[in-house]
2 protein chains.
Amino acid sequence: VRPGDDLAALIAPELRDGDIVVIAQKVVSKAEGRVVALDSVVPGAEAMRLADDFHKDARLVQVVLDESASVIRAERGVLICETRHGFVCANAGVDLSNAPDADVAVLLPLDPDASARRMRAALATATRSTLPPDSSGDVYGVIISDSFGRAWRLGLADVAIGAAGVRVLDDWRGRPDAHGRELRVTEVAVADQLAAAADLARAKDSQQPIVVIRGAAHYVTSEDGPGAAALRRPLELDLFR
Amino acid sequence: VRPGDDLAALIAPELRDGDIVVIAQKVVSKAEGRVVALDSVVPGAEAMRLADDFHKDARLVQVVLDESASVIRAERGVLICETRHGFVCANAGVDLSNAPDADVAVLLPLDPDASARRMRAALATATRSTLPPDSSGDVYGVIISDSFGRAWRLGLADVAIGAAGVRVLDDWRGRPDAHGRELRVTEVAVADQLAAAADLARAKDSQQPIVVIRGAAHYVTSEDGPGAAALRRPLELDLFR
């Protein structure tokens, strides 16, 4: 995928009503031109210092710092950053692997929820154009996923960094359980679980950036909804840090 | 499901070679008799104090403390605990909802990986008994899942607290990507993603404790393997806390 490619036109012919399209962040970023040639980057003093400590490319570290609202940890060669969107992840989501040129850094989309909404609108346009004019049109959900590390547990799991038309949080609080008692829990991170499920369907070396989830139409909404921003846990509600 | 029920006999007729059986922790705990009648619990001083602060049942708090190696946070009515197994979760995984009696606490299995291995062996026995004697037998994976809160992100996501016959971590480090370059990342928390995928297939009020994942046989192993214990991140490797 290259800057300017029409992802919706590639995906639309495969879709059915109620499908959820999970797109890897990297391919969205590339299509949106969120790439930086490292040759164009002049590292500052902090990037030089961190790069020296971590044996990294100072230009790449500068890109990571530019994408970060704050650096939460800088240890053992890993920068755990809070991005300008409020995501907490390694290297502020900046990636080099699988880039067409080894000297190019791929950044997270500027506004992944907006990216998901645009993709959803483009899919609606692309698919309605193939339907009779009186059709009401199919409804799809869109998730933009990325692989994040987690506190307490090893291994990366995919999460939703952008979403449109998906019930990102399913709130069971106040609903009765099977015995008629109120459930004490439970707000379920549906969009993150959909992203995780989609990741199982592809190999990391496969260049399969798009996975379609079928059979989860009950999580698809007619409205775009609040997006994955609703999954960010405010600091004051975070007892798990 | 009641203490002593034969879960394997219930599941086995549905299975095919390569299936992964995801079982909700609560049903395993009940079958193993990991339940405590609150009437039998005498709360100590710390439980009384926390219960008073949090407007909780002191007997339940005592059960949570008994299940905890340490209490990581005690704020706003929530106890975030490290369990004796090394899991970090709310209330040390102790649950009341959906219990057959409101005055019964359901604890995590004593050794969830051992529970998964026992279930796997029981499934092999149950299914081989229905095959011709010269059959080599099918191979299944078993995951015991629970819903955990996360740092940084809202909503619960299911994770694997026990596993047998599943590649819990898929290590891509050192393998080449599609362009022949070494992937910098990536250790994928496969078992947690399988648990999350399974959770999408059931409703919290549905009493559907078992989900079968078909089509993921490439994550099933002939050996029981290290289990979900391999997913616990050692403190010294945890930059995300």
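Here, every reference points to the structure presented above.
Residues numbered from 1 in each chain as written. Chains lettered and ligands numbered in written order. Predicted model: local features only at pLDDT ≥ 70, side-chain atom pairs only at ≥ 80, totals over all residues. Heavy atoms only, no water.

**Brief notes about the packing of aromatic side chains**
Residues and elements named next belong to chain A. Overall, the coordinates contain 2 aromatic pairs over all chains when judged by the stated rule. Here the aromatic rings of F87 and F148 are separated by 6.1 Å at their centres, their planes lie at 70°, and the arrangement is edge-to-face. You can see F87 sitting in the loop between β4 (78-83) and β5 (88-90) and its partner F148 sitting in strand β7 (residues 141-148), a full 61 residues away along the chain. The same class applies to F87 as to F148, namely buried. A cation sits over an aromatic face here: R232 above F87, 5.5 Å from the ring centre. (Phe/Tyr/Trp six-rings, centres within 6.5 Å; stacked < 30°, edge-to-face > 60°. Helix = DSSP H or I, 4+ residues; strand = E, 2+ residues; numbered from the N terminus. Buried < 20%, exposed > 50% of the residue type's maximum accessible area, 1.4 Å probe, protein only. Lys NZ or Arg CZ within 6 Å of the ring centre and 35° of its normal.)

**Some words on empty space enclosed by the protein**
If you walk through the whole model with that rule in mind, you get 3 cavities of 30 Å³ or more. Size it by volume and the largest cavity reaches roughly 400 Å³. Residue lining of the largest cavity: 29 residues in total, with R150 and A157 of chain A together with R150, A157 and V159 of chain B positioned closest to the centre. Every element with two or more residues in the lining of the largest cavity is listed here: β8 (157-164) and α6 (190-200) of chain A together with β8 (157-164) and α6 (190-199) of chain B. Its residues assigned to classes, the lining of the largest cavity comprises 15 nonpolar, 5 polar and 9 charged. (1 Å grid on protein atoms, 1.4 Å probe; cavity = no way out; pocket = protein on both sides within 12 Å on 5 of 7 lines; lining within 4 Å. Points joined across faces, edges and corners; volume = space filled by probe spheres on them. Nonpolar A, V, L, I, M, F, W, Y, C, P; charged D, E, K, R; others polar.)

**Some remarks on unusual backbone geometry**
What you tend to see is this: most non-glycine residues have negative phi, and most peptide bonds are trans. One non-glycine residue, H55 of chain A, adopts positive backbone phi at about 55°. Phi is positive for W152 of chain B, which is not a glycine, with a value near 75°. With respect to the helices, strands and loops of the structure, W152 of chain B is situated in the loop between β7 (141-148) and β8. Its relative accessible area of 9% is what places W152 of chain B among the buried residues.

**Focus: the sheet that holds β8 of chain A**
All names here are of chain A. The sheet built from 4 strands is open, its strands ordered β8-β7-β1-β11 with mixed pairing. Unpaired on one side and paired on the other, β8 and β11 (210-213) mark the two borders of the sheet. Adjacent strand axes in the sheet meet at a mean angle of 30°, parallel and antiparallel pairs treated alike. Pairing of strand β1 (residues 20-24) with β11, which is carried by 4 bridges, proceeds in the antiparallel orientation. Bridging across to β11, V21 finds its partner in V212. This element, helix α5 (residues 112-128), spans β1, β7 and β8 of the sheet and lies at about 65° to β8. (Pairing = 2+ DSSP bridges. Axes fitted to C-alpha atoms, helices over the stretch in contact; angles between N-to-C directions. Contact = heavy atoms within 4.5 Å.)

**Focus on the sheet that holds strand β3 (residues 68-75) of chain B**
Residues and elements named next belong to chain B. On the basis of which strands lie adjacent, the open sheet formed by 3 strands has the order β3-β4-β5 and antiparallel pairing. Whereas interior strands pair on both sides, the edge strands pair on one side only; in this sheet they are β3 and β5 (88-90). Between one strand axis and the next, the sheet turns by 25° as a mean value, whatever way the strands run. Relative to strand β4 (residues 78-83), β3 runs antiparallel, the two being bridged by 6 bridges. Residue pairing for β4: S70 is matched across the bridge by E82. Contacts between helix α4 (residues 58-67) and the sheet are confined to β3 and β4, with β3 contributing the most and set at about 130° to the helix.

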